[in-house]
Amino acid sequence: PVLVSIVIGAILVVLASLISSQIAGKGHPLNDNALIVQVLIYWLLKPITEEIFFRGWLQTIISKRVHSSITISTIKISYAVIFTSLIFGIFHVTLYFSGMNGYKVINMVLFVTILGLFTGYYRHKTNSLLPSIVNHIAYNAVGGIIANVL
């Protein structure tokens, strides 16, 4: 089931990248022309679908099989959260095929892996996807605004 989840996730991410690049053009979302499409795809659709898949499905499957965790300071993080975050980060390598340069892709992979740790932790602690989705939407929106301004 985990391998099937990884394959399905890879297919979904590639499809989402292809669809969004066809609708909104290549590159970073705020460098494209259609702001409403950018907001709908990058700030709402992708965060919601990625959280449902990665935190709602994949993390749940892994959590049922792996019960170990690591404690950092006073925060206990399950290996399921860590593994799902790493997979989440690696899937963002597909941004390279959407026209993003390699350096930016590496930065993106690192930052979204960290995002994955936070959203996975929230999902684990609250047993709800809502905090994860809200955090992911906020991350994408703020990142998009900063990228456009800078």
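Residues numbered from 1 in each chain as written. Predicted model: local features only at pLDDT ≥ 70, side-chain atom pairs only at ≥ 80, totals over all residues. Heavy atoms only, no water.

K.L.:
So what's going on with the pairing of strand β2 (residues 75-78)? Residues and values would help.
P.N.:
Across 4 bridges, the pairing between strand β1 (residues 69-72) and β2 is antiparallel. Bridged to Ile70 within β2 is Ile77. Linking β1 to β2, which pair antiparallel, is a turn of 2 residues; within it Ser73 sits at a positive phi near 60°. (Pairing = 2+ DSSP bridges. Helix = DSSP H or I, 4+ residues; strand = E, 2+ residues; numbered from the N terminus.)

K.L.:
Quick rundown of unusual backbone geometry? Include the residues and the values.
P.N.:
With a phi close to 60°, Ser73 is a non-glycine residue in the positive phi region. With respect to the helices and strands, the residue Ser73 is situated in the loop between β1 and β2. A positive phi angle, close to 55°, is found at Asn127, a residue other than glycine. Classification of Asn127 as exposed rests on a relative accessible area of 63%. (Buried < 20%, exposed > 50% of the residue type's maximum accessible area, 1.4 Å probe, protein only.)

K.L.:
So what's going on with the environment of Tyr122? Which residues, and what values?
P.N.:
By secondary structure assignment, the location of Tyr122 is in helix α4 (residues 102-126). Distance from Tyr122 to Asn135, taken between C-alpha atoms, is 9.2 Å for residues 13 residues apart in sequence. In this structure Tyr122 touches Asn127, Ser128, Pro131, Ser132 and Asn135, once residues within four positions along its chain are discounted. (Contact = heavy atoms within 4.5 Å.)

K.L.:
So, the layout of surface pockets: which residues are in play, and what are the values?
P.N.:
Considering only enclosed or pocket space, the second largest pocket measures out at about 170 Å³ in volume. In terms of lining residues, the second largest pocket is bounded by Ile72, Ser73, Ile75, Ile77, Ile114, Leu117, Phe118, Tyr121 and Tyr122. At the level of secondary structure, the elements contributing two or more residues to the lining of the second largest pocket comprise β2 and α4. Residue composition of the lining of the second largest pocket, grouped by class: 8 nonpolar, 1 polar and no charged. (1 Å grid on protein atoms, 1.4 Å probe; cavity = no way out; pocket = protein on both sides within 12 Å on 5 of 7 lines; lining within 4 Å. Points joined across faces, edges and corners; volume = space filled by probe spheres on them. Nonpolar A, V, L, I, M, F, W, Y, C, P; charged D, E, K, R; others polar.)

K.L.:
Quick one: what's the story with the nonpolar core, residue by residue and with numbers?
P.N.:
Formed by Phe53, Phe54, Leu58, Ile62, Ala80, Ile87, Phe88, Phe91, Val112 and Leu115, the largest nonpolar core amounts to 10 residues. Of all the secondary structure elements, the ones that give two or more residues to this core are α2 (35-65), α3 (79-91) and α4. When residues no more than four places from it in sequence are discounted, the contact partners of Ala80 are Gln59, Ile62 and Ser63. (Core = buried A, V, L, I, M, F, W, Y, C linked by side-chain atoms within 4.5 Å.)

K.L.:
I'd love a proper account of the packing of aromatic side chains, names of residues and values included.
P.N.:
This model, assessed by the stated rule, comprises 6 aromatic pairs. Aromatic pair Phe53 and Phe54: ring centres 4.9 Å apart, planes at 85°, arrangement edge-to-face. Phe54 sits in the buried class, given a relative accessible area of 1%. Both rings, one in Phe54 and one in Phe91, keep their centres 5.4 Å apart while their planes meet at 55°; by these two values the pair is tilted. In this pair, Phe54 sits in helix α2 while Phe91 sits in helix α3, placing the two residues 37 residues apart along the sequence. Through successive ring pairs, a cluster of aromatic residues spans Phe53, Phe54, Trp57, Phe88 and Phe91. Lying over the aromatic face of Phe88, Arg55 brings its terminal NZ or CZ to 4.4 Å of the ring centre. (Phe/Tyr/Trp six-rings, centres within 6.5 Å; stacked < 30°, edge-to-face > 60°. Lys NZ or Arg CZ within 6 Å of the ring centre and 35° of its normal.)

K.L.:
Lay out the environment of Ile133 with the relevant residues and their values.
P.N.:
Relative to the helices and strands, Ile133 is located in helix α5 (residues 130-149). What makes Ile133 buried here is its relative accessible area of 14%. Those residues in contact with Ile133 that sit more than four places away from it in its chain are Ile48 and Glu51.

Geometry only, nothing functional implied.
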